[in-house]
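Now for the letters of each chain:
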Amino acid sequence: MVSLLVKEKMYINEVVLGTGFGVIIGPYMANVFDPRSWGSEENRITLEVMRVVLATGLFAVGVELPCAYMKDHAKSLLVMVVPTMAFGWLIVSSKSVLHFLFPQLDQVSALCIAACLTPTDPAVNLLLKHVPVDIRRIISAESAANDGLAYPFLALALYLTVETSTRVAIGKWFLVGWLYQVILGTILGAILGLLFSKLMKLSHHKGFIDRESYIAQYLALSIFTIGLASTLGTDDLLAAFAAGSAISWDGHFNVQTADDSFSSVIDYVLNCGCFIYIGAWLPFDSYNSSELGLTPWRLVVLMIAILVLRRIPPLLLLYRFIPEIASWKEALVLLGILMGVSAVFVSALALTRLPVPATPPENQAQLLAATIQPIVSFIVLGSIIVHGLSIPFFSLGRGVHSRTLSLSLTWTRTRGSGPLPDWVYYVRRSEGNGGPPVAPDTAVDIERGIDNNDKTEESDGSDSVPDQTDSRRRLTIVTRCSSGSGFGFGDNPSGHTEVAVGMRMPDGDELDDKSPVQTKQVRFPSPQ
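The rules behind each value
Chains are numbered independently. Their residues run from 1 in the order of the written sequence. At least 70 in pLDDT is required for a residue's local features to be given in this predicted model, at least 80 for side-chain atom pairs to be given and counted, and no such filter applies to totals for whole chains, interfaces and linings, which use all residues. As a convention, hydrogens and water are excluded, and side-chain values are obtained from all of the structure's heavy atoms. The secondary structure listing takes helices from DSSP runs of H or I that are at least 4 residues long and strands from runs of E that are at least 2 residues long, numbered from the N terminus. For this analysis, residues touch if any pair of their heavy atoms sits within 4.5 Å. The nonpolar core is taken to be a set of buried Ala, Val, Leu, Ile, Met, Phe, Trp, Tyr and Cys residues, with the residues joined through side-chain atoms within 4.5 Å. A 1.4 Å probe rolled over the protein chains alone gives each residue an accessible area, and that area as a share of the maximum for its type sets the label: buried under 20%, exposed over 50%, partly exposed in between. Patch definition: residues with relative accessible area over 30% and no salt bridge; like charges joined within 9 Å; nonpolar side chains (Val, Leu, Ile, Met, Phe, Trp, Tyr) joined within 5 Å. For every accessible area listed, the method is Shrake-Rupley and the probe measures 1.4 Å; residues are considered covered only by the protein chains on display. We count a salt bridge whenever a side-chain nitrogen from Lys or Arg sits within 4 Å of a carboxyl oxygen from Asp or Glu. Here a polar contact means two N or O atoms within 3.5 Å. Within protein one must be a hydrogen donor candidate and the other an acceptor candidate, and residues neighboring in sequence count only if both atoms are side-chain atoms. The pocket and cavity definitions rest on a 1 Å grid over protein atoms only: a 1.4 Å probe that fits but cannot leave marks a cavity, an open set with protein on both sides within 12 Å along at least five of seven lines marks a pocket, and residues lining either have an atom within 4 Å of a point. Grid points are joined across faces, edges and corners, and a volume is the space filled by probe spheres set on the points. Classification convention: Asp, Glu, Lys, Arg as charged; Ala, Val, Leu, Ile, Met, Phe, Trp, Tyr, Cys, Pro as nonpolar; all other residues, Gly among them, as polar. As a rule, the C-alpha atoms of each element are fitted with a line to give its axis, helices using only the stretch in contact, and angles between N-to-C directions run from 0 to 180 degrees. What sets the label is the angle itself: under 35 degrees gives roughly parallel, over 145 gives roughly antiparallel, 65 to 115 gives roughly perpendicular, and the rest give oblique. Here a crossing is called left-handed whenever its near helix is offset anticlockwise from the far helix by less than a right angle, and right-handed whenever the offset is clockwise.

Draft legend 1. Representation of the environment of L294 in the model. Take L294: it is sitting in the loop between α13 (262-281) and α14 (296-309). L294 sits 81 residues away from I375 along the chain, and the two C-alpha atoms are 8.3 Å apart. Once residues within four sequence positions are removed from consideration, L294 is found in contact with F102, S286, Y287, N288, S289, P374 and I375.

Draft legend 2. Geometry of the nonpolar core. Core analysis: the largest hydrophobic core is formed by 95 residues, its most contacted members being F102, I278 and L302. With 16 residues, helix α8 (residues 133-162) is the single largest residue contributor to this core. Among all residues touching L302, those that are not within four sequence positions of it are V97, L98, L101, F102, I375 and I379.

Draft legend 3. Geometry of a nonpolar patch on the surface. On the surface, a nonpolar cluster with roughly 860 Å² of combined accessible area is contributed by F174, L175, V176, L179, Y180, I183, L184, I187, I191 and L232. In terms of residues, the nonpolar patch owes the most to one element, helix α9 (residues 166-205), which gives nine residues. As for its placement among the helices and strands, I187 is situated in helix α9. The class for I187 is partly exposed, based on a relative accessible area of 44%.

Draft legend 4. The side chain of D235, seen in detail. Within the secondary structure, D235 is located in the loop between α10 (211-232) and α11 (236-247). Among the polar contacts listed, one links the side chain of D235 to the backbone nitrogen of L237, at a separation of 3.3 Å. A polar contact is formed between the side chain of D235 and the backbone nitrogen of L238, at a distance of 3.3 Å. The contacts of D235, once residues within four sequence positions are left out, are G148, Y151, Q181, V182 and G185.

Draft legend 5. Layout of the layout of surface pockets. In this model, the second largest pocket occupies a volume close to 670 Å³. Lining the second largest pocket are 28 residues, and of these R36, L351, P357, A369 and Q373 sit closest to its centre. At the level of elements, α3 (42-64) and α18 (364-395) are the ones that each hand at least two residues to the lining of the second largest pocket. It is α18 that contributes the most residues to the lining of the second largest pocket, four residues altogether. Residues that form the lining of the second largest pocket fall into these classes: 15 nonpolar, seven polar and six charged.

Draft legend 6. Summary view of empty space enclosed by the protein. Scanning the model with the defined rule gives six cavities of 30 Å³ or more in all. If you add up the space inside the largest cavity, you get close to 50 Å³. Around the largest cavity, the lining residues are M80, V81, T84, M85, G88, L117, T118, E142, N146, R310 and R311. Those elements that provide at least two residues to the lining of the largest cavity are α5 (74-92) and α8. For the lining of the largest cavity, the element with the highest residue contribution is α5, accounting for five residues. Classifying every residue of the lining of the largest cavity by side-chain character gives four nonpolar, four polar and three charged.

Draft legend 7. Just the side chain of S222, in detail. For S222, the location among the structural elements is in helix α10. Judged by relative accessible area, which is 0%, S222 ranks as buried. A distance of 2.9 Å separates the side chain of S222 from the backbone oxygen of L219, its partner in a polar contact. Leave out the neighbours within four places in its chain, and S222 touches A55, T56, F59 and Q217.

Draft legend 8. Here's a closer look at the packing of α3 against α11. Close contact between α3 and α11 brings their axes to 7 Å; oriented N to C, the two are set at 25 degrees. Compared by their axis directions, α3 and α11 come out roughly parallel. Viewed along their axes, α3 and α11 form a crossing whose handedness is right-handed. Contacts between α3 and α11 pair R51, L54, A55, L58, F59, V61, G62 and V63 from the former with D236, L237, A240, F241, A243, G244, S245 and I247 from the latter. Class assignment for the residues of the contact of α3 with α11 results in 11 nonpolar, three polar and two charged.

Right, dumping it as structure tokens:
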């Protein structure tokens, strides 16, 4: 009920709000919701909750990327994902960071904990709403890829922990961790995505499927993919991302689900619910445990070291090889991406492969099982606080001199009846800008920039028939004004409000002065 006030005025996003609400209703305050009271099943429930939320988000990321995006940007993703993850994994687990702060953990245990902190979250999109579209897409693709690729880093540490022979551990890591789980999981997801894409196109051509059923596939196909991949024992997160990318490879699925907010609403609800769960799940009493060697100051120092060292050095060295990043200033956007759901998921997955710890732990494996979630959860909490509150911190004292109002909607005006969109009533009136009114039976589709005659009004006043292949492309209405000046639109003598509408293409680029289609004058009857 106050979400707009909190987000637009206080600059606090859903991640912080959800986590804070979870802490309030959790066992350390209101004690209304306590996941850790569920006993031995708590970790399994936590694992599956995180799995469903991650898989749904990764599937949505794959679907919403442009056609064949993974093929066109494979080089950039390879540079961003593999060296960055490997560097962060090794530097965090080194003797100068994690092993230095917690000397009771050996090097292999430090590698296992560091593996939980290598992936980033698909929920990062909630924090990057104002980032340029090219950078936002590459960040989303990277977060989706490294969520699935975190497993090989964890698998190597776990095999070295539970296996008595290093040679056997390396062999299992390569055969099971890479070939079976990662490679097979990716292929399985891609095959499922392509198969369902062909089936849905066939059903659509024969008239067997409606638009609502297309939209429901966001949730149904993601859950089906992770269910099948988990049953086969492959990497279900990579399978979900591969399925989402494959199903929208030719753009047909995107066209059928365009202009619908269902996937965004589902992703929003799942992420908010998941961070409420994480807030109630946080083990605050374990952050100060002498028998485990955990103290608050050590955890704070570890969090600062991870935020500084995990991504900054490799990305500042490698951003020149990433075409989507034009300068080191744009590279700064990628430096401290959120650690949240994916880190909790990987730590819960690690516990399923480790022995149940005694009190106090009797060996290194039990010590790792007792300390992995307290350390990972504290880093997750610190990451949420730092990245969630960075926007209001940098916004304090900043004067807003211009504002861009981006409206993405489909609204058709027919026969001069029906309610006007709310934003029209906020247009400031002035004299001038006369012009003929729109005929009462003329339909104007604001989003596509075309009328019911499939004509597009060009800047020189001539009419041309638009390319039919592009007639359904998503355009965004953009209006601009300086602060305090209001909107520079006015009424014409015919009693109609005239609005100058600029168009923005799906890739985020605005049409420049050389584009054949400049603006479309859309006139609405003035409200009485």
